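# Tertiary structure, described
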Amino acid sequence: QVQLVESGGGLVQAGGSLRLSCAASARTVSGYGMGWFHQAPGKEREFVAAIGWIGSTYYADSVKGRFTISRDNAKNKASLQMNSLKREDTAVYYCALDVFSRLRAGVSEYWGQGTQVTVSS
């Protein structure tokens, strides 16, 4: 099984920035995308951002212009740079691995364990 491990979560003030990282335990499958989802208390897990194997990106409307997803295929890693954070961004963030089209549709075959992001005001 593929294991995904997130890091970089923490507490930040509104307007600040955080960078999340996701490391895969093994080489990612060629053609697969990587993505990020989040889940706030009492809410469903929802799509945040995804990046395809060749670098195409797609973002949820709520984070466009603020978050940037990137990947390093050789290192089996993906990152999410989060700028201009809002209190509403507070959630557990999960790394995801699946084909790009499925990630964009809000589903994923593989999931990380999650990392907490808390934005204070």
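These remarks concern the structure in this document. (Residues numbered from 1 in each chain as written. Predicted model: local features only at pLDDT ≥ 70, side-chain atom pairs only at ≥ 80, totals over all residues. Heavy atoms only, no water.)

### Some remarks on the sheet that holds strand S3 (residues 18-24)
Taken in spatial order, the 4 strands line up as S1-S3-S8-S7 in an open sheet, and their pairing is antiparallel. Two strands close off the open sheet at either side, each with one partner strand: strand S1 (4-7) and strand S7 (67-72). Each neighbouring strand pair of the sheet contributes to a mean axis angle of 15 degrees, computed without reference to strand direction. Of the pairings in the sheet, the one linking S7 to strand S8 (residues 77-82) comprises 6 bridges and is antiparallel in character. From the neighbouring strand, serine 70 faces S8, where its bridge partner is serine 79. (Pairing = 2+ DSSP bridges. Helix = DSSP H or I, 4+ residues; strand = E, 2+ residues; numbered from the N terminus. Axes fitted to C-alpha atoms, helices over the stretch in contact; angles between N-to-C directions.)

### Some points on the pairing of strand S9 (residues 91-99)
Judged by how many residues are buried, S9 sits mostly within the fold: 7 of 9 residues are covered. Direction of pairing for strand S4 (residues 32-39) relative to S9: antiparallel, over a ladder of 8 bridges. Within S9, the position partnered with methionine 34 by the bridge is leucine 97. In the sheet, S9 pairs with strand S11 (residues 115-120) via 3 bridges, with the strands oriented antiparallel. Within S11, the residue paired with valine 92 across the bridge is glutamine 116. As judged from the 2 bridges shared by S9 and strand S10 (residues 110-111), these two strands associate in the antiparallel manner. (Buried < 20%, exposed > 50% of the residue type's maximum accessible area, 1.4 Å probe, protein only.)

### Re the pattern of salt bridges
Summed over all chains, the structure comprises 3 salt bridges. With a shortest N-O distance of 2.8 Å, aspartate 89 and arginine 66 are connected by a salt bridge. With aspartate 89 in the loop between S8 and S9 and arginine 66 in the loop between strand S6 (57-59) and S7, the pair connects residues that are 23 residues apart, well separated along the chain. Linking aspartate 98 and arginine 102 is a salt bridge whose minimum nitrogen-to-oxygen distance equals 2.6 Å. On the accessibility criterion, arginine 102 (35% relative accessible area) is partly exposed. (Salt bridge = Lys/Arg side-chain N within 4 Å of Asp/Glu carboxyl O.)

### Details of unusual backbone geometry
One non-glycine residue with positive phi stands out, namely asparagine 76, at about 55 degrees. Here asparagine 76 lies in the loop between S7 and S8. One non-glycine residue, serine 84, lies in the positive phi region at around 50 degrees. Mapped onto the elements, serine 84 comes out in the loop between S8 and S9. Serine 84 gets classed as partly exposed once you look at its relative accessible area, which sits at 41%.

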